[in-house]
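# Report on the structure
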Amino acid sequence: CSLAYTAINCAEYCLKNTVDVLLKYKNKTNKNHDDQNNLKDHDFIMIYEFYCDLIREKTGDNLDKHMRKLLEMYCQASIYMTVQWLMKGMKESEAELADLMIDAMPDMLHKLFKEIDLV
């Protein structure tokens, strides 16, 4: 995701990567619960670091502890909702789910994203 991307573009990018991995996972029947948790952990780290890197690129600074925790909660919830969306038949489009993720963003994160032109 380059600096020219908006939050919606970034959410769609992260969503697409997560969906691709989850679809591959769903098609394999020999995975156990621990493997599913490892996949969610991997996706969390990928998305969390993606946003941290993008914010650092735009601001020149790392997030403070409070904002990192907000971002962590936001990313965990996004992964949970993506898994639910996938397991329930993907009734919304990827764009609709990405819009919902932006709408669910905590106010303080949304304010930061607005300040650095991501929304």
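Residues numbered from 1 in each chain as written. Predicted model: local features only at pLDDT ≥ 70, side-chain atom pairs only at ≥ 80, totals over all residues. Heavy atoms only, no water.

Once that is clear, we can look at the nonpolar core. Nonpolar side chains in soluble globular proteins tend to end up buried together. Formed by 27 residues in total, the largest nonpolar core has its most connected members in L71 and L109. Counting only elements with at least two residues in this core, the list comes to α2 (33-59), α3 (65-87), α4 (94-103) and α5 (107-115). (Core = buried A, V, L, I, M, F, W, Y, C linked by side-chain atoms within 4.5 Å. Buried < 20%, exposed > 50% of the residue type's maximum accessible area, 1.4 Å probe, protein only. Helix = DSSP H or I, 4+ residues; strand = E, 2+ residues; numbered from the N terminus.)

Between α3 and α5, the least distance of the axes is 9 Å, while the angle of their chain directions is 105 degrees. By the criterion of interaxial angle, the relationship of α3 to α5 is roughly perpendicular. On the side of α3, the interface is formed by H66, M67, L70, L71 and Y74, while α5 contributes M108, L109 and L112. Here the contact of α3 with α5 is built from residues that sort into seven nonpolar, one polar and no charged. (Axes fitted to C-alpha atoms, helices over the stretch in contact; angles between N-to-C directions. Parallel < 35°, antiparallel > 145°, perpendicular 65-115°, else oblique. Contact = heavy atoms within 4.5 Å. Nonpolar A, V, L, I, M, F, W, Y, C, P; charged D, E, K, R; others polar.)

Take the pattern of salt bridges next. Scanning all chains against the criterion turns up two salt bridges. Linking D53 and R56 is a salt bridge whose minimum nitrogen-to-oxygen distance equals 2.4 Å. Residue D53 and its partner R56 are both found in helix α2; the two are separated by three residues, about one turn of the helix. Among the residues examined, D53 registers a relative accessible area of 40% and is labelled partly exposed. Among the salt bridges present, the one from K69 reaches E72, with a minimum N-O distance of 3.8 Å. Of this pair, K69 and E72 are both found in helix α3, three residues apart, which corresponds to roughly one turn of the helix. (Salt bridge = Lys/Arg side-chain N within 4 Å of Asp/Glu carboxyl O.)

One pair of aromatic rings is described through two measures. These are the centre distance and the angle between the planes. Applying the stated criterion across every chain, the model contains three aromatic pairs. With centroids separated by 5.4 Å and ring planes inclined at 70 degrees, the aromatic side chains of F50 and Y51 adopt a geometry described as edge-to-face. Across the pair, Y51 and F50 agree in class, each one buried. A ring pair is formed by Y51 and F113, whose centres lie 5.6 Å apart and whose planes are at 50 degrees; its orientation type is tilted. Residue Y51 is found in helix α2, and its partner F113 is found in helix α5; the two are separated by 62 residues along the sequence. (Phe/Tyr/Trp six-rings, centres within 6.5 Å; stacked < 30°, edge-to-face > 60°.)

Moving on: the packing of α3 against α4. Contact pair α3 / α4: the axes reach a minimum separation of 11 Å and the direction vectors enclose 150 degrees. Of the possible angle classes, the one that applies to α3 and α4 is roughly antiparallel. Pair α3 / α4 crosses with right-handed handedness. Packed against α3, whose contacting residues are Y74, S78, T82 and W85, the element α4 presents E94, L97, M101 and I102 at the interface. (Left-handed = near helix turned anticlockwise from the far one by under 90°.)

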